[in-house]
Amino acid sequence: MKIISFLLSGLFYAQISFSQQPVVLKTTGKVVDNQKPVEAAAVSLLRAKDSSVIKIAATLKDGSFEVLTQQPGKFLLSVQAVGFNKYFSQPFELFEKQNIISLPIIQLKQVVKELDNVTVATKKPLIEQKIDRTVLNVEASISNIGTSALDVLEKSPGVTIDKDGNISLKGKAGVQIFIDGKPAYVSGQDLTNMLKNMQSSQLDQIEIMTNPPAKYDAAGNAGIINIKTKKTKAFGFNGSASVNYSQGFYGRGGENLNLNYRENKYNFFGNLNHNYRKNYQDLFIDRKFIDATSKNVLSIFNQTNRLFNSGESYRGKVGMDWYTSPKTTIGFVINAATDPGDFISNGDINISDPNNVLQSKTMAKSINSLQSKNFSTNINFRRVIDSTGKELTADLDYIYYNAASNETVTNSYFDNSGNTILRPDTLLGMLPQTVTIYSAKVDYTMPLQKGARFDAGIKASYVKTDANASYDSIKNGSTVHDYNRSNHFIYEENINAAYVNFSKPISKKFSAQVGLRLEQTIAKGNQITTNIQFNRDYVQLFPTAYFQYALNDKNTFVLNYGRRIRRPDYQSLNPFVEFLDRYTYQQGNPDLQPQFSHNIELSHTYKNFLTTTLNYTNTTDIIQEVLEQNTAKNETYVKQANIAQQRQFGIAVNAATQFKKWWTSNFYVNVYNNQFSGIINNSYEVISATTAVFNVNEQFKFNKGWGAELSGFYRTESVKGVFTIKPLGQMNMGVSKQLLKNKASIRLAVADILYTQKASGYNKLGTIDAAFHQQRDSRQVSIAFTYRFNKTKGKIANIQKRKTGGADDEQSRIKGN
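Residues numbered from 1 in each chain as written. Predicted model: local features only at pLDDT ≥ 70, side-chain atom pairs only at ≥ 80, totals over all residues. Heavy atoms only, no water.

## Focus on the overall build of the chain
Moving on, step 1. Scanning the chain for helices and strands turns up 3 helices and 49 strands.
Moving on, step 2. Within the chain, the proportion of its 817 residues that are buried is 54%.
Moving on, step 3. Considering only intrachain contacts with a sequence separation of at least 6, the fraction spanning at least 24 residues in the chain is 67%. (Helix = DSSP H or I, 4+ residues; strand = E, 2+ residues; numbered from the N terminus. Buried < 20%, exposed > 50% of the residue type's maximum accessible area, 1.4 Å probe, protein only. Contact = heavy atoms within 4.5 Å.)

Spelled out as structure tokens, the structure:
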């Protein structure tokens, strides 16, 4: 009730404060082709000084149009329709005393070539810098072909991915991943697997938001990365089909089909994707077990693991938009996926005394059969209330995940001469888990006088996870249930939220936007096996503020602030154990608390090509993975804990330059300093490092549809929680060729040419002394073929399709096997 009262009071205040209706400025006209009306042409109202889009409309059956705005000033009008050259009007002015402009009849000119059966391929820039986000156009990079969504993210500006697939943004962990504006609902290894199974051929854009506005869930310490899949707005039947194959040490490949059919009031869309993969990873771990009192080394472990991963992924999406009227749209989306796979680890562990003299050996083999299935559906509604732009939208979401893991861990023991000293032992694990999510939200937009706008919304979500880890041990040929390792954990969480947001141009050069989001979290955890429960109930406020100042046509400044939260992953709260071998495992932590951060950014954009950003972040109760050891049993385990406070400041520069008509360059550098301070392994520690990340992409466009690319990234030494990570880099190259009158394209790319994407790091804190080195099948040669088909009817659909849902934070926090 507090949340509803909060929202209603915001709406009431907005109605009282802004009850005077804004002056509506109207531009009318008619579009024809040799005196015949052109229906459904896209009409855009552009600001005259920079051609920025103010409003978009469409022509009616008689060719007439009407564009409404509340922003006075000088404007241009552009008109675009399939089969015609783009039209631009002469500049005109709209203001309070001249609020209606009727333009002369607009005569469109047909293009020379017939476009009905020809697909026109437009070239987007690799990176677009916008006020509140950075946009990466996936297909603009040749080297993205034959790769996964995770590979594309790793090459994105400011994004880093560690050896376990955890994603950081500008050196900060806690990124929320969205798919088409909808949260991924998975985290940890499940998120990594999902992104590996998603092919780059499915992707359109990647949006990176380091400080999202109040409309978005407050979750995500580092911000939000929104992965947008391919869509189309053309009438008729259209789509694309692609196939790719990559060869490294092992081969991998996949197929993808996108379909869209738009006729009158109905739009149908779908996607089918299949991919198969097989890869390996070599992991080397060195660790010393140290006595907590004397600080003397007790034993030394040298471990080598060869990890194999194979599997397939089948994914499908189907949906429909029903435009019941020019102002109302109702739609639904259904997604389904299944990802069977196998994971095998073969490990050799050498155990030595403090003088590094070999004492014994352990051979460990782990076989894990994985099967995950998920289903989600979304029903959405959009209603334009009146001609001033008032709008109401609503989303209902249901998501169900079902993951199962059957694990067998066998350990064999030998002396330093290779003779058996103990009978082998085997651990059998069955680790099923289900996640059920319900979500509903409503958003309201109300334009106000003099270009101001008021937004408000409410959201409620309910999540239930059920994880039942059951372990059995085989001893002397007999199977015995392992009660100490087994655990049944049920977690329930309800989040209720409401927000208000207000934006307004203060002057011709200065504008502001402020927002406030309230979130109530009610959570309950139940360890059925041990009969231990916990309950949490807290309410938090999350303010946001944005200020923009246009000094002149060349220089723009933006200052923004936001408070964020990162809640623990659902299964990170579950204290169940997952094994790599007899001596190495990871464990959940039911005592985890949410972490909170304050983020401030100041950015400057020069001539729309050079953007410089200064940032400062302070995070409390930061959630990080820590290493802990049981010296008596020579065991090392990983768990998440609220270990410290993090302070970060940094600078990022992005520059996009066209040296020649055929040569475009994009350069990104991010330099930041991370400092962690807190109690780690019972000792107060301060860890800090200054890190630089470089991304370079050089694109070349030649005659007859040929193109080429050279790209890469490099990261200097960095601190990731308790680990210091050594420098890491990668270089890629590719060539492309347009075929069949731009209906098709073929691309050839080589990833990690120099085979330098090898991760190394160490942790020397308290009694922990561990180091690792990892290398994987990262050098790949890929080839891909894409065919685009387009049977349009000379129209462009201007109505926004809503293929996203409202369950934002919840989906991105599922962490499975």
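## So, the sheet that holds strand β15 (residues 172-173)
Moving on, step 1. If you walk across this open sheet you meet the 3 strands as β13-β14-β15, and the pairing is antiparallel. Each edge of the sheet is formed by a strand with only one pairing partner; in this case those strands are β13 (159-161) and β15.
Moving on, step 2. Where strand β14 (residues 167-169) and β15 come together, 2 bridges link them in antiparallel fashion. Paired with L169 across the bridge in β15 is K172. (Pairing = 2+ DSSP bridges.)

## Some remarks on the pattern of salt bridges
Moving on, step 1. All chains considered together, the criterion is met by 16 salt bridges.
Moving on, step 2. Between E391 and R382 there is a salt bridge; the shortest N-O distance is 3.2 Å.
Moving on, step 3. Across the pair R453 and D455 runs a salt bridge, and its minimum N-O distance is 3.0 Å.
Moving on, step 4. What you see here is one network of salt bridges that share partners, running through D217, K459, R517, E519 and R567. (Salt bridge = Lys/Arg side-chain N within 4 Å of Asp/Glu carboxyl O.)

## A short note on the packing of aromatic side chains
Aromatic ring pairs are defined here through the distance separating the ring centres and the angle between the ring planes.
Moving on, step 1. Inspection of every chain in the model, using the stated rule, returns 24 aromatic pairs.
Moving on, step 2. For the pair F510 and F547, a centre-to-centre distance of 6.3 Å together with 10° between the ring planes defines the contact as stacked. Of this pair, F510 sits in strand β32 (residues 510-527) while F547 sits in strand β33 (residues 532-550), and the two are 37 residues apart along the sequence.
Moving on, step 3. Among the residues examined, F547 registers a relative accessible area of 32% and is labelled partly exposed.
Moving on, step 4. In textbook terms, an aromatic cluster arises when at least three aromatic residues are bridged by ring pairs, as seen for F659, W662, W663, F700 and F702. (Phe/Tyr/Trp six-rings, centres within 6.5 Å; stacked < 30°, edge-to-face > 60°.)

## Thoughts on the pairing of strand β12 (residues 134-137)
Moving on, step 1. Every second residue of β12 is oriented toward a common face, with T134 and L136 on one face and V135 and N137 on the other, all of them buried.
Moving on, step 2. One ladder, built from 4 bridges, connects β12 with strand β18 (residues 203-209); its direction is antiparallel. By the bridge assignment for β18, T134 is matched with I208.

## Looking at the environment of A655
Moving on, step 1. Relative to the helices and strands, A655 is located in strand β39 (residues 635-660).
Moving on, step 2. For the pair A655 and N666, spaced 11 residues apart in sequence, the C-alpha separation works out to 5.8 Å.
Moving on, step 3. With sequence-adjacent residues up to four places away left out, A655 is seen in contact with F609, L610, S665, N666 and F667.

## Examining the side chain of D33
Moving on, step 1. Following the sequence through the fold, D33 ends up in strand β1 (residues 25-33).
Moving on, step 2. Once residues lying within four places of it in the same chain are set aside, the contact partners of D33 are V38, F84, Q107, L108 and Q110.

## A look at the nonpolar core
Generally speaking, soluble globular proteins have nonpolar side chains that are buried together.
Moving on, step 1. Counting 23 residues, the largest nonpolar core has L153, I167, I177, L195, I206, I225 and I227 as the members making the most contacts within it.
Moving on, step 2. Secondary structure elements with two or more residues in this core: α2 (149-154), β13, β14, β16 (175-179), α3 (188-197), β18 and β19 (223-229).
Moving on, step 3. In terms of residue count, the dominant contributor to this core is α2 (4 residues).
Moving on, step 4. Dropping the residues within four chain positions of it, I225 is found in contact with L153, V159, I167, V175, Q176, I177, F178, I206 and E207. (Core = buried A, V, L, I, M, F, W, Y, C linked by side-chain atoms within 4.5 Å.)

## Considering the environment of D569
Moving on, step 1. The topology assignment puts D569 in the loop between β34 (555-566) and β35 (577-581).
Moving on, step 2. The class for D569 is buried, based on a relative accessible area of 9%.
Moving on, step 3. Separated by 71 residues in the primary sequence, D569 and Q640 have C-alpha atoms spaced 9.8 Å apart.

## Thoughts on the confidence of the model for the chain
Moving on, step 1. Considering every residue of the chain, the mean pLDDT works out to 83; 87% of them sit at 70 or more.
Moving on, step 2. This stretch, residues 1-21, has a pLDDT under 50; its non-local contacts, to residues over four places away or in other chains, come to 31 contacts.
Moving on, step 3. Low pLDDT, under 50, characterises residues 794-804; the predicted model gives this stretch 47 contacts beyond four residues in sequence or across chains. (pLDDT = per-residue confidence, 0-100.)

## Some words on unusual backbone geometry
Only a minority of non-glycine residues have a phi that is not negative, and only a minority of peptide bonds are not trans.
Moving on, step 1. Unusually for a residue other than glycine, K295 sits at a positive phi of about 65°.
Moving on, step 2. Taking the relative accessible area as the measure of exposure, K295 reaches 52% and is therefore exposed.
Moving on, step 3. Non-glycine residue N356 carries a positive phi angle of around 65°.
Moving on, step 4. Locating N356 in the fold gives a position in the loop between β24 (328-352) and β25 (358-384).
Moving on, step 5. Classification of N356 as partly exposed rests on a relative accessible area of 48%.

## Some words on a positive patch on the surface
Moving on, step 1. A surface patch of positive charge is lined by K49, K74, K508 and K509.
Moving on, step 2. By secondary structure assignment, the location of K509 is in the loop between β31 (487-505) and β32. (Patch = residues over 30% accessible without salt bridge, like charges linked within 9 Å, V, L, I, M, F, W, Y side chains within 5 Å. Areas by Shrake-Rupley, 256 points an atom, 1.4 Å probe, with all protein chains shown as cover. Lys, Arg positive; Asp, Glu negative; His and termini not counted. Charge placed at Lys NZ, Arg CZ, Asp CG, Glu CD.)

## Quick look at the environment of N560
Moving on, step 1. Tracing the backbone through its elements, the reader meets N560 in strand β34.
Moving on, step 2. Remark: the alpha-carbon pair of N560 and N615, spanning 55 residues in sequence, is separated by 9.6 Å.
Moving on, step 3. Those residues in contact with N560 that lie beyond four places of it in its chain are N211, A545, Y546, N599, I600 and E601.

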